[in-house]
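# Chain and residue survey
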Amino acid sequence: MKTNKVFIINLEGERLEKICFKSIIAILNIFTTSISLAYDNIDRYSKGSILIDQLTNRTLYEKNPDKKMPLASLSKMMTFLIAIESIKEGKVKENDIIEIDQEIAKVKGSSYKLKVGEKVPLIELMNGLMIVSGNDAAIAIAKHIGGSVDDFVKIMNKKTKELGMKNTSFVNPNGLPIYSLKEPSKPPKENISTPRDI
């Protein structure tokens, strides 16, 4: 039968404090290194980001927070916000029926598959906008609320000022890049914003 041997080390005063202090420093180094490594891997795929504590407004992490970049489909969030506010303000009703025209039906990219002549309630278009990221639904909503896409874009840009989004500008309600047919090599017009604005 084996017996376990127990060793009791009796350390006194100063020596015990030094060992404890060195142990704490070693443990902190291990945690700091692993936190640092995890922090470096937090955001290796995005071009820009920011993490803000909502209660204190303190920035916890940032990477190119003020770099202007294309918004793409995030543009649809502003379209959705304006639609919600237009319903709340009584400018439109969620059950308003929108007839789909050629301009709406021909929109490329992610689509709600709207067809010319189809009659769709505004609320359904809003669902298509957010659930399937429907570019065509964004145009239909814009035309219904703004009267035209251009006038709706003016509403979007006015809203950015109201929200204090200083580095954000919109050219359309869906985020698709707009290429020039006259100058195809020229960079497209795009909805632009920054992580801090968003």
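Cut-offs applied
Residues numbered from 1 in each chain as written. Predicted model: local features only at pLDDT ≥ 70, side-chain atom pairs only at ≥ 80, totals over all residues. Heavy atoms only, no water. 1 Å grid on protein atoms, 1.4 Å probe; cavity = no way out; pocket = protein on both sides within 12 Å on 5 of 7 lines; lining within 4 Å. Points joined across faces, edges and corners; volume = space filled by probe spheres on them. Nonpolar A, V, L, I, M, F, W, Y, C, P; charged D, E, K, R; others polar. Helix = DSSP H or I, 4+ residues; strand = E, 2+ residues; numbered from the N terminus. Buried < 20%, exposed > 50% of the residue type's maximum accessible area, 1.4 Å probe, protein only. Contact = heavy atoms within 4.5 Å. Axes fitted to C-alpha atoms, helices over the stretch in contact; angles between N-to-C directions. Left-handed = near helix turned anticlockwise from the far one by under 90°. pLDDT = per-residue confidence, 0-100. Pairing = 2+ DSSP bridges.

## A look at the layout of surface pockets
Put simply, the largest pocket is a space of about 320 Å³. The wall of the largest pocket is formed by Glu103, Lys106, Val107, Lys108, Ile139, Val149, Asn172, Asn174, Leu176, Pro177 and Ile178. The class makeup of the residues in the lining of the largest pocket is six nonpolar, two polar and three charged.

## Comments concerning the environment of Met78
Among the secondary structure elements, Met78 is positioned in helix H2 (residues 75-88). Judged by relative accessible area, Met78 falls into the buried class, the value being 6%. For the pair Met78 and Met156, spaced 78 residues apart in the sequence, the C-alpha separation amounts to 6.8 Å. Ignoring anything within four residues of it in the chain, the contact list for Met78 reads Met156, Lys159, Thr160, Leu163, Met165 and Phe170.

## Describing the packing of H2 against helix H5 (residues 135-146)
Put simply, H2 and H5 touch, their axes get as near as 10 Å, and they point 40 degrees apart. Crossing geometry of H2 relative to H5 is assigned as left-handed. Taking contact as the criterion, the partners of Lys76, Thr79, Ile82, Ala83 and Ser86 in H2 are, on H5, Asn135, Ala138, Ile141 and Ile145. Grouping the amino acids of the contact of H2 with H5 by side-chain chemistry returns five nonpolar, three polar and one charged.

## Some points on the confidence of the model for the chain
Regions with low pLDDT carry predicted coordinates that are not meant to be interpreted in detail. With 79% of its residues at a pLDDT of at least 70, the chain reaches an overall mean of 85. Predicted confidence is poor over residues 1-13, with pLDDT under 50, and the contacts of this stretch with residues over four places away or in other chains come to two contacts. Taken together, the stretch residues 25-37 has pLDDT below 50 and engages in zero contacts with residues farther than four places along the chain or on a different chain.

## Some details on the pairing of strand E1 (residues 49-52)
Pairing geometry for E1 and strand E2 (residues 59-63), over four bridges, is antiparallel. Each residue of the ladder has a partner; that of Ile50, found in E2, is Glu62. Linkage of E1 to E2, two consecutive antiparallel strands, is achieved through a turn of six residues, within which Asn57 is found at a positive phi near 65 degrees.

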